[in-house]
Amino acid sequence: MKSANFKTFCDSMEDVARDIVRACRKGVRSIAAMPLPAMIACCILLAFVISILPLALFLFILFMGVKVVAGAFVIDRRRTVREQ
């Protein structure tokens, strides 16, 4: 029973690897057939996705965290003022 499950897992991983290789080959063929301006546009878009987008997401999460912490202090202060 265990060997059948492991064989199924290995077959699935081989399928995934084959799909990844096929996608990479298709991407390389597409890049090789692109004219220069389109390739430059793709490079700029890829640079944006790799560098600027994660930075924006990180800053968004950071500021939301600061907002939650500041809100907790304000709520705590209001609660202590009402109790007195």
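Located above this text is the structure these notes cover.
Owing to the predicted nature of the structure, the values given are computational and were not obtained by experimental measurement.

Visitor: Lay out the overall build of the protein in plain terms, naming residues and giving numbers.
Guide: On a plain count of helices and strands, the protein comes out with two helices and zero strands. Here the protein has a C-alpha radius of gyration of 26 Å; the compact-globule value for 84 residues is 12 Å, and the former is much larger. Structurally, the protein occupies a C-alpha span of about 70 × 55 × 10 Å along its principal axes. Counting over 84 residues, the protein shows a buried share of 0%. Each charge class in the protein was averaged separately, 12 positive and 6 negative side chains, and the resulting centres sit 7 Å apart.

Visitor: I'd like to hear about a nonpolar patch on the surface, residue by residue, with values.
Guide: There is a patch of nonpolar side chains on the surface, built from Leu45, Phe48, Val49, Ile52, Leu53 and Leu57 and spanning about 530 Å² of accessible area. Looking at the secondary structure, you find Phe48 in helix H2 (residues 36-83).

Visitor: Go over the pattern of salt bridges, please, and point to the residues and values.
Guide: Under the defined criterion, the tally for this structure stands at two salt bridges. A salt bridge links Asp15 to Arg18; the nearest nitrogen and oxygen atoms lie 2.9 Å apart. Of this pair, Asp15 and Arg18 both sit in helix H1 (residues 2-33), three residues apart, roughly one helical turn. Here Asp19 makes a salt bridge to Arg22, at a shortest N to O gap of 3.1 Å.

Visitor: Break down the environment of Glu14 for me, citing the residues and quoting the values.
Guide: Mapped onto the elements of the fold, Glu14 is located in helix H1. Judged by its relative accessible area of 46%, Glu14 is partly exposed. Expressed as a C-alpha distance, the spacing of Glu14 and Gly71, which sit 57 residues apart in the sequence, is 50 Å.

Visitor: How would you explain the state of the cysteines if you had to name every residue and give the values?
Guide: Going through the model one piece at a time under the given rule, you end up with zero disulfides. Counting only cysteine sulfurs, Cys43 is the nearest neighbor of Cys42, a cysteine outside any disulfide, at a range of 7.0 Å.

Rules of the game
Residues numbered from 1 in each chain as written. Predicted model: local features only at pLDDT ≥ 70, side-chain atom pairs only at ≥ 80, totals over all residues. Heavy atoms only, no water. Helix = DSSP H or I, 4+ residues; strand = E, 2+ residues; numbered from the N terminus. Rg over C-alpha atoms; globule rule 2.2 N^0.38 Å. Buried < 20%, exposed > 50% of the residue type's maximum accessible area, 1.4 Å probe, protein only. Lys, Arg positive; Asp, Glu negative; His and termini not counted. Charge placed at Lys NZ, Arg CZ, Asp CG, Glu CD. Patch = residues over 30% accessible without salt bridge, like charges linked within 9 Å, V, L, I, M, F, W, Y side chains within 5 Å. Areas by Shrake-Rupley, 256 points an atom, 1.4 Å probe, with all protein chains shown as cover. Salt bridge = Lys/Arg side-chain N within 4 Å of Asp/Glu carboxyl O. Disulfide = S-S within 2.5 Å.

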